[in-house]
Structure formats: C-alpha cells, structure tokens
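Here is how the chains run, residue by residue.
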Amino acid sequence: MKKYIALFEYEDGKSGYSVVFPDLPGCFSAGDDYDEAYRMSHEALAFHLEGLKNENMVIPEPRTLEMIKSKWREWKNWKNKLSFLVVPIAVFPASEKSIRVNIMIPEGTLRRIDAVSKNRSAFLANAAQYFLDEEHSKRKGVHA
C-alpha cells in the first residue's frame, strides 16, 4: 500500500476544505467539511492514478513530507499559510484483473455510497481492501 501526502487547506470564516497532492500535479479535491474532503480525496487519488495507468503514464512514487518540503516548488506558498493539515492518504494496489460479481446490498447503504462516490465498484473494492488490511494488521499485532 502506498501513501501519498495530501495537503488540506482551510480558511477561518470560509466553509470547506481544499486538498492537493504535491506528488500528483492535477490531482485535487474538496469538501464542505474535513470528513467529506477526506473521503473525496481518496476518490480523487484513486481516479487520478487509474487515469495515469490507463494512459500508460508513469505513476510517481510517493515522497516523504521532508522531500516535498525540499523539492516541491509550491511548498513556500503552503508553509506560509496558517491553516492547513498534512494527511497521508493510502491508495490500494488494484489487482491485475477485475472480475464482475453480483452482490446484494441494502438500498440505504447504496444511497450513502452514491452520495460520496461516483464509482461504486472502486469504492467497494477500496473499502474491502482497507478492511482486509486492517484485519491483517490486527491479527499481526495480536500474534506479535
């Protein structure tokens, strides 16, 4: 699992958060509050990386915050802002082959997914991978 640094900007007196990914020019997101911006940033990251892959473009390796501070030319603008957060956003590697499946899901849950994502399949695949990674980490921690 790779983690890209996302910068969340907010401004007192204004609503919403904007999000940029220094490692991925053109990849950005926003939300009315932090939680929405966080959810939408995952979708933006997955969509951007999928587009790069589909266009046979190089997918940049994520940099550390220290590397971003020293190499990203926009950092000077960001470091002078009083209100921003640095958040690592995980992207889960897609399998080589996707398989179409038929599932049953409660209607209310499906409406909630549609409210935060434009791609149900990607959302469900990412959620499943996240859950599996969390379970693996818990089991690993228990046995350590």
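Look up: the structure comes first, before these words.
Since we're looking at a predicted model, the values are computed, not measured. (Residues numbered from 1 in each chain as written. Predicted model: local features only at pLDDT ≥ 70, side-chain atom pairs only at ≥ 80, totals over all residues. Heavy atoms only, no water.)

1. Observations regarding the overall build of the protein
Across its full length, the protein carries five helices and four strands. Counting from the amino terminus, helix and strand elements in the protein follow one another as β-β-β-α-α-α-β-α-α. Counting across all 144 residues of the protein, residues that qualify as buried make up 24%. Counting contacts in the protein only where the partners sit at least 6 residues apart, residues at least 24 apart contribute 55% of the total. Here the protein has roughly 10800 Å² of accessible surface; of this, 55% comes from carbon and sulfur atoms. (Helix = DSSP H or I, 4+ residues; strand = E, 2+ residues; numbered from the N terminus. Buried < 20%, exposed > 50% of the residue type's maximum accessible area, 1.4 Å probe, protein only. Contact = heavy atoms within 4.5 Å. Areas by Shrake-Rupley, 256 points an atom, 1.4 Å probe, with all protein chains shown as cover.)

2. Remarks on the environment of Ile59
Within the fold, Ile59 resides in the loop between helix H1 (34-54) and helix H2 (65-71). With a relative accessible area of 30%, Ile59 lands in the partly exposed category. With 10 residues separating them in the primary sequence, Ile59 and Leu49 have C-alpha atoms 6.9 Å apart. Residues contacting Ile59, with those up to four places away along its chain left out, are Tyr4, Leu49, Leu52 and Lys53.

3. Description of the pairing of strand S3 (residues 28-31)
Burial along S3 is one-sided: Ser29 and Gly31 are buried, and none of Phe28 and Ala30, which face the opposite way, are. With four bridges joining them, strand S2 (residues 17-20) and S3 adopt antiparallel strand pairing. Residue pairing across strands places Ser18 opposite Ala30, the latter belonging to S3. (Pairing = 2+ DSSP bridges.)

4. Digging into the pattern of salt bridges
Following the criterion strictly, the structure yields three salt bridges and no others. The partner of Asp23 in a salt bridge is Arg63, with the nearest N and O atoms 2.4 Å apart. One end of the pair, Asp23, is in the loop between S2 and S3; the other, Arg63, is in the loop between H1 and H2, and 40 residues separate them in sequence. Given a relative accessible area of 6%, Asp23 falls into the buried group. (Salt bridge = Lys/Arg side-chain N within 4 Å of Asp/Glu carboxyl O.)

5. Topic: the side chain of Ser117
Assignment of secondary structure puts Ser117 in the loop between helix H4 (107-116) and helix H5 (120-143). Judged by its relative accessible area of 10%, Ser117 is buried. At 3.4 Å, the side chain of Ser117 forms a polar contact with the side chain of Glu43. Of the polar contacts made by the side chain of Ser117, one reaches the backbone nitrogen of Asn119; its length is 3.1 Å. Not counting residues within four places of it along the chain, the set of residues in contact with Ser117 comprises Glu43 and Phe123. (Polar contact = N/O pair within 3.5 Å; in protein donor to acceptor, adjacent residues only side chain to side chain.)

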